[in-house]
Amino acid sequence: DVLGADVALTDLPLRDDLRGRSPYGAPQLDVPVRLNTNENPYPPPPELVADVAEAVREAAGTLHRYPDRDAVALREDLAAYLSGATGVAVSHRNVWAANGSNEVLQQVLQAFGGPGRSALGFEPSYSMHPILAAGTRTDWLPAPRRADFSLDGAQAAAIVAERRPDVVFVTSPNNPTGQVVPQQDLRALLDAAPGIVVVDEAYIEFCTEPSAIELIDEYPAKIIVSRTMSKAFAFAGGRLGYLAAAPAMIDALLLVRLPYHLSAPTQAAARAALRHAKATLGSVRALADERDRVVARLGELGFSPVHSDANFVLFGRFSDAHAAWQRYLDAGVLIRDVGIEGHLRVTIGTPEENDAFLAASKGLVDAVN
Ligand code: PMP
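Since we're looking at a predicted model, the values are computed, not measured. (Residues numbered from 1 in each chain as written. Predicted model: local features only at pLDDT ≥ 70, side-chain atom pairs only at ≥ 80, totals over all residues. Heavy atoms only, no water.)

A. Fine view of the side chain of Asn354. With respect to the helices and strands, the residue Asn354 is situated in helix H11 (residues 351–368). By relative accessible area, which is 1% here, Asn354 ends up buried. Excluding residues that lie within four positions of it along the chain, Asn354 makes contacts with Leu35, Glu290, Arg293, Val294, Thr347, Ile348 and Gly349. (Helix = DSSP H or I, 4+ residues; strand = E, 2+ residues; numbered from the N terminus. Buried < 20%, exposed > 50% of the residue type's maximum accessible area, 1.4 Å probe, protein only. Contact = heavy atoms within 4.5 Å.)

Laid out in structure tokens, this is it:
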């Protein structure tokens, strides 16, 4: 008896180009071991929780006023973190922030994509890139990877030169396949691209490859490097994504962003969490070691894990990946069916969670191969 429930989506005057599409939908299920959305498995330490709570309490006293529209203090903190992490002198004028890097990427497409324009990505990659393109009515141009899911830099650059997309997405390390894109391949893409190249570095903290932030000074009118606090920073629930680029790129995003998009509590909480960056990022090394252990063990069990520079691993082969996904779920382990034939993706969790996943894998190896 829900009000208005007799009207279906198909009855609504929806835009034609959105008809028949599916929303982003990683299942959120209440199971003991959740390894399906590439979160950091370690909850924030008590000092961070206390600091965030105090910062939000202070912000609560100002809630009758709109927050700082340009989030300058937060951008200064993010710039300081990036400068320390990359060795490149990043100013707050090089940094922009929003509610998750998904919102950052949407703003990029609102400014540089749109009707009559196109965005290109190398698939399989992050499923939100084409969804954001659809929402902004940017034509989506899928381009291939090698059979082993790595990016063929020369081929990628040739495709970009030929198709001339307004926006190119390069995910490094790539989700869901795991490999980082070497800087020489990024240069080839930047040289070939007529428009914007977005390097999505959501997982960059998990690898040792230098950040594409090093390339901003060389390609200021082309490159945008997007980042997030959702993964290495263990702040997925805080919803804070950001980017580094030339100041003029940020001037472009100001034209499309909603005023006051980052709430005062969000800005305060993110700043407090950043003060604990050293402790939070301490988990990164342990997660990378666990990843290597999981990969080695999957190999011993007879699976073929794909090389990963991130906090997740794509592995196969399954004769029926979806049936295998269900069997993991039946064993209390939620992983991800990303729609790649014969493969599933597992996020690296705590050692105990990874053991539970590996135990379930052992039981599965004969049943599903
Ligand atoms: N980029 C990539 C490659 C991702 O995997 C994700 C999260 N799954 C995001 C961006 C978006 O993350 P968030 O909006 O939480 O910053």
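On we go from here.
B. Structural detail: the pairing of strand S5 (residues 167–171). A large share of S5 lies buried, amounting to 5 of its 5 residues. Going residue by residue along S5, you find Val167, Phe169 and Thr171 tucked away on one face and Val168 and Val170 tucked away on the opposite face as well. The pairing of strand S3 (residues 118–123) with S5 spans 3 bridges and is parallel. Each bridged residue has a counterpart across the sheet, and for Ala119 the counterpart in S5 is Val167. Here 5 bridges tie S5 to strand S6 (residues 196–200), and the two strands are oriented parallel to one another. Directly across from Val170, in S6, lies its bridge partner Val199. Once the chain exits S5 it traverses helix H6 (residues 183–192) before rejoining the sheet at S6, and the crossover so formed is right-handed. (Pairing = 2+ DSSP bridges. Right-handed = clockwise from strand over helix to strand, strands pointing away.)

C. Empty space enclosed by the protein, seen in detail. The final tally for this structure, using the stated rule, is 1 cavity of 30 Å³ or more. There is about 40 Å³ of room inside the largest cavity. Every residue lining the largest cavity is listed: Ser172, Val180, Val181, Gln183, Leu186, Val199, Glu201, Ile204, Glu209, Pro210 and Ala212. Looking at the lining of the largest cavity residue by residue, the classes come out as 7 nonpolar, 2 polar and 2 charged. (1 Å grid on protein atoms, 1.4 Å probe; cavity = no way out; pocket = protein on both sides within 12 Å on 5 of 7 lines; lining within 4 Å. Points joined across faces, edges and corners; volume = space filled by probe spheres on them. Nonpolar A, V, L, I, M, F, W, Y, C, P; charged D, E, K, R; others polar.)

D. Spotlight on the UniProt feature "domain: Aminotransferase class I/classII large" (unreviewed entry) in the chain. UniProt records the feature "domain: Aminotransferase class I/classII large" (unreviewed entry) for residues 33–359 in the present numbering. In residues 33–359, the share of helix is 41% and the share of strand is 16%. The end C-alpha atoms are 12 Å apart. (UniProt positions renumbered as here; feature names shortened; annotations may be inferred.)

E. Quick peek at the nonpolar core. Of all hydrophobic cores here, the largest spans 54 residues; its most connected members are Leu74, Leu78, Phe122, Ile223, Met229, Leu240 and Tyr242. Sort the elements by how many residues they give to this core and helix H8 (residues 264–275) lands first, with 7 residues. (Core = buried A, V, L, I, M, F, W, Y, C linked by side-chain atoms within 4.5 Å.)

F. How the structure looks around the layout of surface pockets. The volume enclosed by the second largest pocket comes to roughly 300 Å³. Along the wall of the second largest pocket there are 17 residues; nearest its centre are Ala59, Ala264, Gln267, Ala268 and Arg271. For the lining of the second largest pocket, the secondary structure elements donating two or more residues are helix H1 (46–60), helix H2 (72–86) and H8. The residue inventory of the lining of the second largest pocket, partitioned by class, reads 8 nonpolar, 2 polar and 7 charged.

G. Region of the structure containing helix H9 (residues 277–300). The end-to-end C-alpha separation of H9 is 35 Å, in line with the 34 Å expected for 24 residues at 1.5 Å each. Among the residues making up H9, those that are buried are Ala277, Thr280, Ser283, Val284, Leu287, Ala288, Glu290, Arg291, Val294 and Leu298. Gly302, located one to two residues past H9, shows a positive phi value of around 100°. (Expected span 1.5 Å × (residues − 1).)

H. Highlighting the UniProt feature "modified residue: N6-(pyridoxal phosphate)lysine" (unreviewed entry) in the chain. The positions that UniProt labels "modified residue: N6-(pyridoxal phosphate)lysine" (unreviewed entry) are, in the present scheme, Lys231. With respect to the element layout, Lys231 can be found in the loop between strand S7 (223–228) and strand S8 (241–245). Every residue in contact with Lys231, bar those within four places of it in the chain, is listed here: Thr37, Asn38, Asn40, Ala202, Tyr203 and Phe206.

I. View of the environment of Tyr242. Within the fold, Tyr242 resides in strand S8. Taking relative accessible area as the criterion, Tyr242 reaches 0% and is therefore assigned buried. Spatially, the C-alpha atoms of Tyr242 and Arg227 are 5.2 Å apart, while their sequence positions differ by 15 residues.

J. The site of the ligand, seen in detail. By nearness alone, 13 residues border the ligand, and Ser101, Asp200, Tyr203, Thr228 and Ser230 come closest of all. The separation between an oxygen atom of the ligand and a polar side-chain atom of Ser230 is 2.6 Å. Lys231 has a polar side-chain atom sitting 3.1 Å from a nitrogen atom of the ligand. Out of a free accessible area of 400 Å², the ligand has 94% covered by protein chains. Among the elements that take part in the shell around the ligand, helix H3 (residues 100–112) stands out by supplying 3 residues, more than any other. Grouping the amino acids of the shell around the ligand by side-chain chemistry returns 3 nonpolar, 7 polar and 3 charged. (Near = heavy atom within 4 Å. Polar contact = N/O pair within 3.5 Å; in protein donor to acceptor, adjacent residues only side chain to side chain. Areas by Shrake-Rupley, 256 points an atom, 1.4 Å probe, with all protein chains shown as cover.)

K. Region of interest: the pairing of S3. Of all the 6 residues making up S3, 5 are buried; the element is thus mostly covered by neighbouring parts of the structure. The pairing of S3 with strand S4 (residues 139–144) spans 6 bridges and is parallel. Paired with Glu123 across the bridge in S4 is Pro144. Chirality of the crossover, the property in question, places the unit of S3, helix H4 (residues 128–135) and S4 among those that are right-handed.

L. Structural context of unusual backbone geometry. A cis amide bond links Ser172 with the next residue in sequence, Pro173, at an omega value of -5°. Here Pro173 lies in the loop between S5 and H6. Along the chain, Asn175 connects to Pro176 via a cis peptide bond; the corresponding omega equals 15°. Topologically, Pro176 is positioned in the loop between S5 and H6. For Asn38, which is not glycine, the phi dihedral falls at a positive 55°.

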